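The residues making up each chain are set out below.
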Amino acid sequence: MTISILPVSLVGGALVLAGLCMVFRNRLAELGFAAERALNGLKHKTIEADGETWRYLEGGETSAEAILMLHGFTANKDNWTRIVGRLTKRYRVIAPDLPGFGESARHPAWSYALPAQRERLRAFVRALGLQRFHIVGSSMGGHLAALYTHAYPDQIITLGLFDNAGITAPRESEMFAALARGENLLLTNSVKDFDRVLEFVAHKKLFVPWPAKRYLAEHAAADRDFNAYIFSQYEQDLTEGLEKILPRIKKPVLILWGRLDRILDVSSIDVMRPLLPQAEVAIMEKTGHLPMFERPAETAAHYLAFIGRHR
């Protein structure tokens, strides 16, 4: 009897221990995110907009000029955490999880094409009571920021485009070469896959503490199918592109790009310059797709100088 019971007890104990480790690891990761947010003067908030709960980070004085920051595909609001501490002394910073990403709900029946996302973003802006603000987006978020600026120019003070999507670049990037083969390099199935994506998006190796990396990798793998669903709709937005609407945007624009971006090639700027003659351009050397992650101080300096000239 003892021999037959002991293995069951050991297995049960191992399962309990594994469960506790998982909970503890996730809690460690969440505490780490909270600490980095607090260090950069950010608070986690929620608000209802057209029946949807938005989760976002906010920092700075509510009376200051606002900056609305939009993350890219498969990313979330914490993409901006490393630079906002340099912005909140002068500005109110708001970084939401876009619908379908981060802590947002997943709605399998929704359209996540950018025109639909733009209108959801408008509802979020309205719920916050924002009148005029700076808007900046990274990658897909830059694409969305440009669409929003075109649709609602009276709300926008300046537009920031960080390695933005929506342009057919003269040189094909590694990402688009892979898409042509039927492979999306931003979708992950495992922790090993997540390490590959981190190396792909950045030239400078990104430091992510182990509990946080494991936490993010597991969520990315769990969201893989839904992210693929979103991307299948977003591909139509990429086909239509921004080239037709950019000349209609008359607001001050900053185009900021990592020279070594493997996802969206820096030659996109060659297309955008004649379409946005008023734009200021900053190309960051030894930098990949996420300048605000790889070089937060330099990125913030470029952006602060730009918006400071257009307050």
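A few points on the structure. Only a predicted model underlies this, so the values are computations on that prediction, with no experimental measurement involved. (Residues numbered from 1 in each chain as written. Predicted model: local features only at pLDDT ≥ 70, side-chain atom pairs only at ≥ 80, totals over all residues. Heavy atoms only, no water.)

## With respect to the overall build of the protein
Within the protein, the secondary structure is distributed over eleven helices and eight strands. Taken across its 311 residues, the protein has 51% of its residues classed as buried. For the protein, long-range pairs separated by at least 24 residues make up 74% of all intrachain contacts whose partners lie at least 6 apart in sequence. Accessible area for the protein stands at about 14,600 Å²; split by element, carbon and sulfur atoms hold 57% of it. (Helix = DSSP H or I, 4+ residues; strand = E, 2+ residues; numbered from the N terminus. Buried < 20%, exposed > 50% of the residue type's maximum accessible area, 1.4 Å probe, protein only. Contact = heavy atoms within 4.5 Å. Areas by Shrake-Rupley, 256 points an atom, 1.4 Å probe, with all protein chains shown as cover.)

## Observations concerning helix H3 (residues 114-128)
Between its first and last C-alpha, H3 extends 21 Å over 15 residues, near the 21 Å set by a 1.5 Å rise per residue. Listed in full, the buried residues belonging to H3 are Leu114, Gln117, Arg118, Arg120, Leu121, Ala123, Phe124, Val125 and Leu128. Count one or two residues on from H3 and you reach Gly129, which has phi positive near 75 degrees. (Expected span 1.5 Å × (residues − 1).)

## A closer look at the packing of H3 against helix H4 (residues 140-151)
Packing of H3 against H4 brings their axes to within 10 Å, and their N-to-C directions diverge by 70 degrees. Comparing the axis directions of H3 and H4 gives the class roughly perpendicular. In contact with Leu114, Gln117, Arg118, Leu121, Arg122 and Val125 of H3, H4 contributes Met140, His143, Leu144, Leu147, Tyr148 and Ala151. (Axes fitted to C-alpha atoms, helices over the stretch in contact; angles between N-to-C directions. Parallel < 35°, antiparallel > 145°, perpendicular 65-115°, else oblique.)

## What to know about the side chain of His143
Among the structural elements, His143 can be located in helix H4. A relative accessible area of 2% means that His143 is categorised as buried. Apart from the residues lying within four places of it in its own chain, the contact partners of His143 are Leu114, Asn164, Ala165, Gly166, Tyr234, Asp237, Leu238 and Leu242.

## Digging into the pairing of strand S7 (residues 253-258)
Remember that side chains alternate between the two faces of the sheet whenever the strand is regular. Burial runs high along S7: six of the six residues are buried. Side chains Val253, Ile255 and Trp257 project from S7 onto one buried face, and the interleaved Leu254, Leu256 and Gly258 project onto a second face that is buried too. Across four bridges, strand S6 (residues 156-162) lies against S7 in parallel orientation. Bridging across to S7, Gly160 finds its partner in Leu254. Here five bridges tie S7 to strand S8 (residues 280-284), and the two strands are oriented parallel to one another. (Pairing = 2+ DSSP bridges.)

## Here's the deal with the side chain of Asp265
Tracing the backbone through its elements, the reader meets Asp265 in the loop between S7 and helix H9 (268-275). Classification of Asp265 as buried rests on a relative accessible area of 13%. Within polar-contact distance, the side chain of Asp265 engages the side chain of Arg171 at 3.1 Å. (Polar contact = N/O pair within 3.5 Å; in protein donor to acceptor, adjacent residues only side chain to side chain.)

## Quick notes on the environment of Lys205
Here Lys205 is to be found in the loop between helix H6 (191-201) and helix H7 (210-222). The exposed category is assigned to Lys205, whose relative accessible area is 71%. Considering only alpha carbons, one finds Lys205 and Gly288, 83 residues apart in sequence, at a separation of 9.9 Å.

## Considering the pattern of salt bridges
A complete count under the given rule lists 15 salt bridges for this structure. For Arg311, the salt bridge identified is with Glu65, shortest N-O distance 3.9 Å. Highlighted residues: Arg311 in the segment after helix H11 (296-308) and Glu65 in the loop between strand S2 (52-59) and strand S3 (66-70), separated in sequence by 246 residues. Accessibility expressed as a relative area gives 55% for Arg311, which makes it exposed. In this structure Glu65 comes out as partly exposed when scored by relative accessible area, which is 24%. Close ionic contact of Arg106 with Asp223 constitutes a salt bridge, the shortest N to O distance being 2.8 Å. In this pair, Arg106 sits in the loop between strand S4 (92-96) and H3 while Asp223 sits in the loop between H7 and helix H8 (224-240), placing the two residues 117 residues apart along the sequence. Taking relative accessible area as the criterion, Arg106 reaches 24% and is therefore assigned partly exposed. Within this structure, Lys45, Glu58 and Arg92 form a network of salt bridges that share partners. (Salt bridge = Lys/Arg side-chain N within 4 Å of Asp/Glu carboxyl O.)

Everything listed is a geometric property; what it means functionally is a separate question.
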